[in-house]
Structure formats: C-alpha cells, structure tokens
Amino acid sequence: MLPINIQWTEFSVFLFLFALVTVVGFLASRWRRGNLDLLDEWGLAGRRFGTFVTWFLLGGDLYTAYTFIALPALVYGAGAIGFFAVPYTVVVYPIMFVVMPRLWRVSKQHGYVTPADFVRGRYDSSLLALAVAITGIVAVMPYIALQLVGIQAVLAGMGLTGTGLTKDLPLIIAFAILAAYTYTSGLRAPALTAVVKDTLIYITVIAAILIIPAKLGGFGHIFNVASQVLPTRKGSVMLGPKAYSAFSTLALGSAFALLLYPHTITGILSARNGRTIQRNAALLPTYSLALVLISLLGYMAIAAGINTKDATMVVPLLFNMMFPKWFTGVAFAAIAIGALVPASIMAISAANLFTRNIYKEYMNTQATAKQESNVAKFVSLVVKLGAVLFVIGIPIQYALYLQTLGGIWILQTMPAVMGGLYTRWFHRGALLIGWLGGMATGTFMAAALQFKSSVYPLVIGHTVFPIYAAVAAVIVNFALAVVFTVIFNGMKVPAGNDHTQASDYLVEPEVAATQ
Amino acid sequence: MQSSDRGKGYWLLIVPFVATLWPPFYARTNPVVGGFPFMYWYLLIWTLLVGVLSAIVYRLNHPKH
C-alpha cells in the first residue's frame, strides 16, 4: 500500500533525475573505454582522469549526502562547534597538495591499487598490509551505511514514510540500481554521475543562499535568532575557550583521516598524474565554500522555527518549507544522488582492498587479472547488500557509533601509509604495534564516551583538554612506533626489503598512452 | 622532472594551518559583516584563500611555458 501523503510534484522531479543518473551510470562503462576485466580499469578507471573529471569525482566523493544532512543537523543542535568542518576542509587541501602526489607516483610505478598494496611493497610485510586493509574496510563500511540515511531522510521528506517493506523498498531499489551500475561500469560510473550530482548540489546551494535568508529577514536576523535559541540546547553561536582544543583537534584529525579513507585514495589514484592532484588541491576548496553555506542551513532552520527531535530531518523540513515543490524535488534528488556517488566509490575501494590484500594475498595467490576484477565486482555487490541490511536491520544509532569509531581507526594507518611515503625509518613490527596501540587507545576512549562523542576529556596536570580521540590515539601510535623501532633495530629483528626507491616518489611515471 | 618536495614556496601552505586551527585568532563576534559574526566570515574567506595559496605554489613549481 502506498503512503497517502506522498508529495507527487517533488517525487516526480526526483524520479526523473534519479532515472537520468541511472542511465548515465550504465552508459559510463562505454566512456573512455578500457578493459574492465582489469582491476586497474574497473577499480581505478585506468588512472587517466584529468583535472576536470577528478574535480567532480573527488568533490562528489568527499562531500557526501551524509555531510549535507548531518552537518546542518549538528549546527542546528550544537552551534559553533559544528563549524570545525570548515577548518577541516581548509587544511585538508594543503596536505593533499604535498602528500598525495607521492602516493600517486609510487602507486603508478608499482601498480599499487590500494594503500595496503603500498605498505606491503614498502615494508615487505603482508601482515602490516592486512592491518591497513582491514582498518580501511571496517572504517568505510559504516560510512556507506550512513549514505543510506541521507536517502532515507529525503524519502521521508517527500512523504514516503510507510512502515515495514513500504518504508524500505525505495531504499532497496535505489541501492540495487547503484550496485548494478557499479558492477558493470566500475569507477567510471561514480565519476560520470558525479558530474550530475555536483551540478545539482551547486544549484541547490546557490538557490538556498538566495532564497532562504531573504525569506527569513537576512543573515543578521538568522544569527540573532540562533544565538538566542542555541543556549537552550546547551549550544552557542560563538565558540567558547573551553571548546578550542576540541574544535582544532577535530579539524586537524579529520583532515588527515579523510585522506587515509579508502574511497579518498581510490579517487586520488584514478587521477592522471601528480600534477592533476595538485591542481585539484587548489580547485576543490570551492566545495568547502559550499560546505560553509550548507552548514548555515542549521541556523536557518532554527530561524525558520523548525522543531524536530530527528536531526536528520532538519534539512528536508527546511527545504519543504522554503522551496517551491518542484525545486524541493531537485534539492532532494541532489542529496540522494549525493549519496550514490560516494557509496559507489566506497564500495569499489572496499572491494579493491579485499581483492588485493586479502583474496590475492591469502586465498588465491596465483589469481589472474580477470579473476581479480571478478572478485572485486562481486565484493562490491556484497558490500552494498551489507550496507542495506545494516540500515534496515539494525538501529541507525549503531551505524553512527561505528562511523565515529571508523574515523578514529582510519587515522591509525597514518604512520604506516603517510609516514611510509616519507621515510623507511620505522620498523614494520613497530608500526604494527603502534597501530594496535592506537586502535586500542582510540576504541577505549570512544567506549568511555559510550560512543556518543569522539571528544575525550584528557586530563593533563589539573587541566582538562577536550581532544579528538583519533588525535590522542595516533600520538600513542607514533610514540609506540618510535620506541619499538629503536628496540627492534637494537635486537636486529629483520626489517624486510623495501621494494620502492627514492625516485618512485618524486618522478612522474610515463602516462598510459591508451586513450 | 619535478620534485614534489624540494618545491618552491611550500612554506606558504603552512599559513592556513596557523590561521584556521588556532581559534583565539578568530573566535569572536565583531566586526560583523553582512550579518555574519567575525568567526564565520573569517573562516569562509579562508576556504577561498587556501585555494589561492595552493594555486600560487602550483604556479611557482610549474611555470607556464
């Protein structure tokens, strides 16, 4: 039975745009044609994307539907602290500019598809590579599940609020379509659909900024109302001194974590060369500008008098109230498609990790290129099925907890992956111990906070410093890695061979001439 | 061939870290511009400045032919 309060104008526009993206997703397999039986082609689109496509792909990859739903929700509930996302997306690009071209070059030189491939080559340790791979898979899985929450929110906004199967069916259909075109087209699908997604997102953001503040009496009024209402929720429009350390460590830790997430690395490795990545580090901040405006939707919702306990509904309710129906359909489609692009890349990146660092390493060491790509395609389906089951079967709160943990965990691959791009000084055994210590520390801190927050009140002397648990954990991680490197070297524990050389990190390899 | 690390002007990329990760610099309300408290328009401008700085560093290392 169909829910009776369905918004047909919105839903029709939404369906049209969704159908458009589906067609684009399937056609993508013919775009810049390559042999999709190779993991390099299916999982990295042949590493040939230029500046323009990479801009859409990474923009579509990093600024997810969950961002558009969760960030305004956080600002709506807590105020200024939610704006840590701004310095976070400011500092992430200088790091990308300097660090990621090195990863691209060494990966191109040696045919690495995943960060764990690199770690294996650098440290001659399949165990350390396994640790990096599993961390990546476990961190990215709840992220995929949360993209579904973004779709659920806009479906609810359009009145698709049935119970049982009617509630979940649209979601299942959306993800089935996504799974099918990711299977057939690989990374080409999210790259091409990202063009549609980002165009719709920019249109929505521009419209929101032109229409909503004008209806609400200007930004001055919006900030005024927010500053009066937020203290009743223990929030504030202005950051207080006690929140400084949380704000900064959240920003810095999240920036490094973002660049270590498998889906980010997949997006980056699909670029044509290191210079393409650097050009994008200069061009991608345009998305951060949009992010600031999107965050402000939280204050606009307060000023508009929106009152909801379900934080994910803040943005859908605001759009419903402010936009004409047909345009709400466009905005909702932007968010839903904004969920599909990153979900697709995330599934591909998890599939790449499983195929390269678990299947080929432990299950079938003689795997042919075709077997590799077949396994990856199959795993991408499994991953999406897992995400759907997760969201339907388990309270959403657990996905949020796991997402919090995922951010903490992924940062623990920093010493091996980013450290390894600069130095071979660390001992592989020490990196493994450091990783273990960092994972344990971060998980302990999150558990002490009942997984509800990732800001741990660290007591130094008699002063409390609230600090992002991921940052505290990675400091423990680095410290252990240093101490045990000295110990293992003293004990003459074999350090393994380095299969890379200094020039691999600095010199752009020849571009594949297969256009 | 370009070397990514001995590149020119990389120090410029440290500026955004100092400017945006130290809230005492900007966690205040005045001056308000266009209704935005200082913290908000200051951080908003930095989302653009960081791109400009990266573009400058890129151009220093990859001059136009």
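Coordinates for the structure precede this section.
Quick notes on the rules
Residues numbered from 1 in each chain as written. Chains lettered and ligands numbered in written order. Predicted model: local features only at pLDDT ≥ 70, side-chain atom pairs only at ≥ 80, totals over all residues. Heavy atoms only, no water. Helix = DSSP H or I, 4+ residues; strand = E, 2+ residues; numbered from the N terminus. Rg over C-alpha atoms; globule rule 2.2 N^0.38 Å. Contact = heavy atoms within 4.5 Å. Areas by Shrake-Rupley, 256 points an atom, 1.4 Å probe, with all protein chains shown as cover. Lys, Arg positive; Asp, Glu negative; His and termini not counted. Charge placed at Lys NZ, Arg CZ, Asp CG, Glu CD. Buried < 20%, exposed > 50% of the residue type's maximum accessible area, 1.4 Å probe, protein only. Axes fitted to C-alpha atoms, helices over the stretch in contact; angles between N-to-C directions. Parallel < 35°, antiparallel > 145°, perpendicular 65-115°, else oblique. Nonpolar A, V, L, I, M, F, W, Y, C, P; charged D, E, K, R; others polar. Buried area = accessible area lost by both parts, 1.4 Å probe. Salt bridge = Lys/Arg side-chain N within 4 Å of Asp/Glu carboxyl O. Polar contact = N/O pair within 3.5 Å; in protein donor to acceptor, adjacent residues only side chain to side chain. Pairing = 2+ DSSP bridges. Expected span 1.5 Å × (residues − 1). Arc of directions from axis to C-beta. Patch = residues over 30% accessible without salt bridge, like charges linked within 9 Å, V, L, I, M, F, W, Y side chains within 5 Å. Core = buried A, V, L, I, M, F, W, Y, C linked by side-chain atoms within 4.5 Å.

A tally of helices and strands in chain A yields 21 helices and two strands. In terms of C-alpha radius of gyration, chain A reaches 23 Å, essentially the compact-globule figure of 24 Å for 515 residues. In terms of overall dimensions, chain A has C-alpha extents of about 70 × 65 × 40 Å along its principal axes. Considering only intrachain contacts with a sequence separation of at least 6, the fraction spanning at least 24 residues in chain A is 85%. Of the accessible surface of chain A, which amounts to about 18,400 Å², a share of 69% is contributed by carbon and sulfur atoms. Side-chain charges in chain A split into 31 positive and 16 negative, and the spacing between the mean points of these groups amounts to 6 Å.

Summing up its helical and strand segments, chain B has two helices and zero strands in all. Counting all 65 residues of chain B, 49% fall into the buried class. Long-range contacts, defined here as pairs at least 24 residues apart, represent 48% of the contacts in chain B between residues at least 6 apart. Summed over its atoms, the accessible surface of chain B is roughly 3,600 Å², and 72% of this surface lies on carbon and sulfur atoms.

A separate point is the packing of helix H5 (residues 85-110) of chain A against helix H12 (residues 262-269) of chain A. All names here are of chain A. Where H5 contacts H12, the axes come no closer than 10 Å and their chain directions differ by 70 degrees. With respect to H12, the axis of H5 lies roughly perpendicular. Where H5 abuts H12, its residues Met-96, Met-100, Leu-103, Trp-104 and Ser-107 lie against Ile-265, Ile-268 and Leu-269. The residue makeup of the contact of H5 with H12, split by class, is seven nonpolar, one polar and no charged.

Facing 37 residues of chain B, the contacting portion of chain A comprises 39 residues. The junction of chain B with chain A conceals about 3,300 Å² of combined surface from both sides, 75% of it contributed by carbon and sulfur atoms. Here chain B and chain A share zero salt bridges between them. Seen at the junction of chain B and chain A, the total is seven residue pairs in polar contact (both at pLDDT 80 or more). Those elements giving two or more residues to the side of chain B that touches chain A turn out to be helix H1 (15-21) and helix H2 (38-61) of chain B.

Residues and elements named next belong to chain A. If you walk through the whole model with that rule in mind, you get twelve salt bridges over all chains. Between Glu-41 and Arg-188 there is a salt bridge; the shortest N-O distance is 2.7 Å. In this pair, Glu-41 sits in helix H2 (residues 39-44) while Arg-188 sits in helix H9 (residues 188-216), placing the two residues 147 residues apart along the sequence. Arg-105 is the partner of Glu-508 in a salt bridge, and the nearest nitrogen-oxygen pair spans 3.8 Å. Of this pair, Glu-508 sits in the segment after helix H21 (469-490) while Arg-105 sits in helix H5, and the two are 403 residues apart along the sequence. A single burial state applies to Glu-508 and to Arg-105, both of which are buried. Beyond isolated ion pairs, a larger network of salt bridges with shared partners links Asp-117, Arg-356, Lys-360 and Glu-372.

Attention now moves to the environment of Leu-400 of chain A. Residues and elements named next belong to chain A. Note on placement: Leu-400 falls in helix H18 (residues 396-411). Residue classification places Leu-400 among the partly exposed positions, given a relative accessible area of 24%. Along the backbone, Leu-400 and Lys-452 are 52 residues apart, and their C-alpha atoms lie at a distance of 8.5 Å.

On to the environment of Leu-21 of chain B, then. For Leu-21 of chain B, the position within the fold is in helix H1. Between the C-alpha atoms of Leu-21 of chain B and Gly-7 of chain B, which are 14 residues apart in sequence, the distance is 24 Å. For Leu-21 of chain B, the contacting residues outside a window of four places in its chain are Pro-87, Val-91, Ser-248, Ala-251 and Leu-252 of chain A together with Pro-16 of chain B.

Residue and element names in this part refer to chain A. For Glu-508, a relative accessible area of 16% puts it in the buried group. Here Gly-274 takes part through its backbone nitrogen, which lies 3.0 Å from a polar atom of the side chain of Glu-508. A polar contact is formed between the side chain of Glu-508 and the backbone nitrogen of Arg-275, at a distance of 3.1 Å.

Residues and elements named next belong to chain A. The sheet contact formed by strand E1 (residues 455-460) and strand E2 (residues 463-468) spans six bridges and is antiparallel. Of the residues in E2, the one forming a bridge with Leu-458 is Phe-465. Connecting E1 to the antiparallel partner E2 that follows it, the hairpin turn spans two residues, and Gly-461 within it adopts a positive phi of roughly 65 degrees.

With twelve residues, helix H10 (residues 218-229) of chain A extends 17 Å from end C-alpha to end C-alpha; this agrees with the ideal 16 Å at 1.5 Å per step. Buried within H10 of chain A are the following residues: Phe-219, Ile-222, Phe-223, Val-225 and Ala-226 of chain A. When H10 of chain A is viewed along its axis, its buried side chains cluster within an angular range of 165 degrees and face the same direction. Looking at the buried side of H10 of chain A, the elements it contacts are H9 and helix H14 (285-303) of chain A together with H2 of chain B.

Residues Trp-11, Ile-14, Val-15, Val-18, Trp-22 and Phe-25 of chain B make up a contiguous nonpolar surface patch of about 650 Å² in total accessible area. Tracing the backbone shows Ile-14 of chain B in the segment before H1.

This part is about the nonpolar core. Counting 216 residues, the largest nonpolar core has Phe-14, Met-96, Phe-175, Ile-212, Leu-296 and Tyr-299 of chain A together with Tyr-40 of chain B as its most contacted members. It is helix H16 (residues 325-363) of chain A that provides the largest number of residues to this core, a total of 22 residues. Setting aside residues up to four positions removed in sequence, Phe-175 of chain A forms contacts with Ile-144, Leu-148, Ile-151, Leu-340, Ala-343, Lys-384, Ala-387 and Val-388 of chain A.

Time to look at the side chain of Ser-454 of chain A. Residues and elements named next belong to chain A. Looking at the secondary structure, you find Ser-454 in the loop between helix H20 (428-448) and E1. Of the residues examined, Ser-454 reaches a relative accessible area of 14% and is grouped as buried. Setting aside its immediate chain neighbours within four residues, Ser-454 contacts Leu-250, Thr-404, Ile-408, Leu-449, Ile-467, Tyr-468 and Ala-469.

It is worth spelling out unusual backbone geometry at this point. Residue Pro-31 of chain B is reached from Asn-30 of chain B by a cis peptide bond, and omega for that bond is -5 degrees. Mapped onto the elements of the fold, Pro-31 of chain B is located in the loop between H1 and H2. Positive phi, normally seen in glycine, also occurs at Arg-47 of chain A, with a value near 50 degrees. Assignment of secondary structure puts Arg-47 of chain A in the loop between H2 and helix H3 (51-62).

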